[in-house]
Each structure stands twice: as C-alpha cells, then as structure tokens.
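These are the residues of each chain, in order.
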Amino acid sequence: HCPQGRLAARGEGYQQVLSREPDNQTALRGLLEVRLQQGNLGAAAELLEELAALNPQEVGYALLSAQAKRRLGDSEAALVAYRGIVSARPELLEVWQEAIDLFAQEQRLPEALELLETTLASQPSQPSDTVLGLKLLLGFVNGGLNRYGEAISIYDQLLPDYPDDYRPLFSKALALSQQGQEQAAQPLFQRAAELAPPEFRDQIRAYLQPEINPEATSSDRH
C-alpha cells in the first residue's frame, strides 16, 4: 500500500466507527488527523466544528475551526466562530486580535467596535488585564475607523488606572503620530520606552525622532 492508500484505509476505519458512534472523539480526532494529512481542509474544518461542539469548555477546537474557515475563505463562518469564542472567553486577547484582523480585512470594523463595547459593558469596572486589553483594542479599532478623538479619549481614561503600563502611552503616542501630531507624540513614545519591558524597548524607540534619544533630558531640547 502506498502512504495515500494507507491514509484512505485509516480514514475509512474511523468513518465506520463514527457511523455507529457519531460522538466517538477518539475516532473524530483520528479522522481529523487523516484529513489534515490528506490536505482536505474543508473536511478538517467540519470535524473541528464537531469536536468544538462536543468540548464547549475547550477553546482549542473552536479556534482551530475558525482559523480553518478563514483559510478556506469562508470569512462569515470564521467570524461567527470567533464571536462565539470571545463571547465565552473575553479574556483571550490573542483571539480578539485575530478576530479584529479579520473584521478589518472584511471592512467590517464597526461590528468589531460594537462587539468590544458590548463585551466591555459586561466586565467588572475595576482595573484588570482583560479590561486593559479590551480597551486598548477598542482604541485601536476607533483609530482604524479614523475616530482618533475617541481613541485618544479611551487611552487618556486608561492612563491613571495603569500608570506603570507602557501600552496606553504607546497607543496614545501612535494615535497622535498618525494624526501628524508628532511633537505631542514624541515625549509619550519616550516615556513608553522607559516603562516597556526590555524586549519591546527598541521597537518603541524606533518611533523616536533622532534628536530625542534615550539619554536626552528636557533641558537639552529647544
């Protein structure tokens, strides 16, 4: 038997099990592996959807299903899947990033804005990593819709609650910079670079204009 023949035989074996026991997860996972090895992403996406439905507490299958649908070009189904994940698990900020990226690609950012606002309304008001992440994304989406005033207002609200976090400063600096307000943005980039973890500092300093270097003090500036 050639490898493809062996794969097909394995797939048939799993399908026979599933015809008797449709919810047999061992067989579903086995068939999923076969379909992925065969390069059949459409069938894999359907199996991932079944596994996601059988494991509502596990985000992994739902996320893989959303990603597979996106790769297949079924943006509508992918967005439905992403919405389901972030509604159940709003703290999964990386999933939000993927979802917002797809909303942007489909020119549907107003829907992302609405989803973020609805989710934030149900979150506790006290500062938390989830609230910070969601509000930063809300600012980013507002910026993507050229609503820079709203974006900057969101970042301004975050600054007193998260004084030691570089991200609200950096986000506000970016929004100002995108509006051409470079003079106002530069000191914020500078402060963000000082607060950021070492692995992000160089990335932020790349936004600093040559006359503003990390050693410069306010007395050096004209």
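For the structure, see preceding data.
Structural notes, computed from the coordinates.

Let's talk about the overall build of the protein
On a plain count of helices and strands, the protein comes out with 12 helices and zero strands. Along the protein, helices and strands appear, N-terminal first, in the series α-α-α-α-α-α-α-α-α-α-α-α. Here the C-alpha radius of gyration of the protein, 23 Å, is well above what a compact globule of 222 residues would show, namely 17 Å. Overall, the protein is about 80 × 40 × 30 Å in size when its C-alpha atoms are taken along their principal axes. The long-range fraction of contacts in the protein, counting pairs at least 24 apart against all pairs at least 6 apart in sequence, stands at 41%. Put simply, the protein shows about 12600 Å² of open surface, and 50% of that area lies on carbon and sulfur atoms. Computing the positive centroid from 19 side-chain charges and the negative centroid from 31, the protein places the two 4 Å apart.

Concerning unusual backbone geometry
Of note, the phi angle at Gln 107 is positive, near 55°, even though the residue is not glycine. Looking at where Gln 107 falls in the secondary structure, it is placed in the loop between α6 (93-105) and α7 (109-121). On the basis of relative accessibility, which here comes to 74%, the residue Gln 107 falls in the exposed class. Although it is not a glycine, Asn 146 sits at a positive phi angle of roughly 60°.

A few points about the environment of Glu 106
Checked against the element boundaries, Glu 106 lands in the loop between α6 and α7. Remark: the alpha-carbon pair of Glu 106 and Glu 76, spanning 30 residues in sequence, is separated by 9.3 Å. Reaching out from Glu 106, the side chain makes a polar contact with the side chain of Ser 75 at a distance of 3.1 Å.

A short note on the packing of aromatic side chains
In total, this model carries four aromatic pairs according to the counting rule given. Taking the centre distance of 5.4 Å and the plane angle of 70° together, the rings of Phe 170 and Tyr 207 count as edge-to-face. On the criterion of sequence distance, the pair formed by Phe 170 in helix α10 (residues 166-178) and Tyr 207 in the segment after α12 (198-205) is long-range, its members being 37 residues apart. Looking at Phe 170, the relative accessible area reads 17%, which means it is buried. Owing to a relative accessible area of 37%, Tyr 207 belongs among the partly exposed residues under this scheme. Ring centres of Phe 189 and Tyr 207 lie 5.0 Å apart, and the angle between their planes is 15°; on these two criteria the pair is classed as stacked.

Concerning the layout of surface pockets
Of the volumes computed, that of the largest pocket is approximately 780 Å³. Lining the largest pocket are 25 residues, with Gln 97, Leu 136, Leu 137, Phe 140 and Ser 171 sitting closest to its centre. At the level of elements, α6, α8 (129-144), α9 (148-161), α10 and α12 are the ones that each hand at least two residues to the lining of the largest pocket. Across the lining of the largest pocket, the residue classes break down as 14 nonpolar, eight polar and three charged.

Quick word on the packing of helix α3 (residues 41-54) against helix α4 (residues 59-71)
For the pair α3 and α4, interaxial distance at closest approach is 8 Å and the crossing angle is 155°. On the basis of their axis angle, the class for α3 and α4 is roughly antiparallel. Viewed along their axes, α3 and α4 form a crossing whose handedness is left-handed. Counted together, Leu 41, Ala 45, Leu 48, Glu 49, Leu 51 and Ala 52 of α3 and Tyr 61, Ala 62, Leu 64, Ser 65, Ala 68, Lys 69 and Arg 71 of α4 form the full contact between these two elements.

Some thoughts on the nonpolar core
Ranked by size, the top nonpolar core spans 49 residues in total, and within it Tyr 82, Trp 96, Ile 100, Leu 116 and Ile 204 carry the most contacts. At the level of secondary structure, the elements contributing two or more residues to this core comprise α4, α5 (75-88), α6, α7, α8, α9, α10 and α11 (182-195). Tallying contributions element by element places α8 first for this core, with seven residues. Non-local contacts of Trp 96, meaning those with residues more than four positions away in its chain, are made with Val 86, Pro 90, Leu 115, Leu 116, Thr 119, Leu 134 and Leu 137. Residues Leu 18, Leu 47, Leu 51 and Ala 68 belong to the second largest nonpolar core, which totals 13 residues.

Some details on helix α2 (residues 25-37)
Spanning 13 residues, α2 covers 18 Å between terminal C-alpha atoms, matching the ideal 18 Å at 1.5 Å per step. Among the residues of α2, those classed as buried are Ala 27, Leu 28, Gly 30, Leu 31, Leu 32, Val 34 and Arg 35. For α2, the secondary structure elements touched by its buried residues are α1 (3-20) and α3. Backbone nitrogen of Thr 26 and a side-chain oxygen of the N-cap are separated by 3.1 Å at the start of α2; the cap is Asn 24.

Reading the values: the criteria
Residues numbered from 1 in each chain as written. Predicted model: local features only at pLDDT ≥ 70, side-chain atom pairs only at ≥ 80, totals over all residues. Heavy atoms only, no water. Helix = DSSP H or I, 4+ residues; strand = E, 2+ residues; numbered from the N terminus. Rg over C-alpha atoms; globule rule 2.2 N^0.38 Å. Contact = heavy atoms within 4.5 Å. Areas by Shrake-Rupley, 256 points an atom, 1.4 Å probe, with all protein chains shown as cover. Lys, Arg positive; Asp, Glu negative; His and termini not counted. Charge placed at Lys NZ, Arg CZ, Asp CG, Glu CD. Buried < 20%, exposed > 50% of the residue type's maximum accessible area, 1.4 Å probe, protein only. Polar contact = N/O pair within 3.5 Å; in protein donor to acceptor, adjacent residues only side chain to side chain. Phe/Tyr/Trp six-rings, centres within 6.5 Å; stacked < 30°, edge-to-face > 60°. 1 Å grid on protein atoms, 1.4 Å probe; cavity = no way out; pocket = protein on both sides within 12 Å on 5 of 7 lines; lining within 4 Å. Points joined across faces, edges and corners; volume = space filled by probe spheres on them. Nonpolar A, V, L, I, M, F, W, Y, C, P; charged D, E, K, R; others polar. Axes fitted to C-alpha atoms, helices over the stretch in contact; angles between N-to-C directions. Parallel < 35°, antiparallel > 145°, perpendicular 65-115°, else oblique. Left-handed = near helix turned anticlockwise from the far one by under 90°. Core = buried A, V, L, I, M, F, W, Y, C linked by side-chain atoms within 4.5 Å. Expected span 1.5 Å × (residues − 1).

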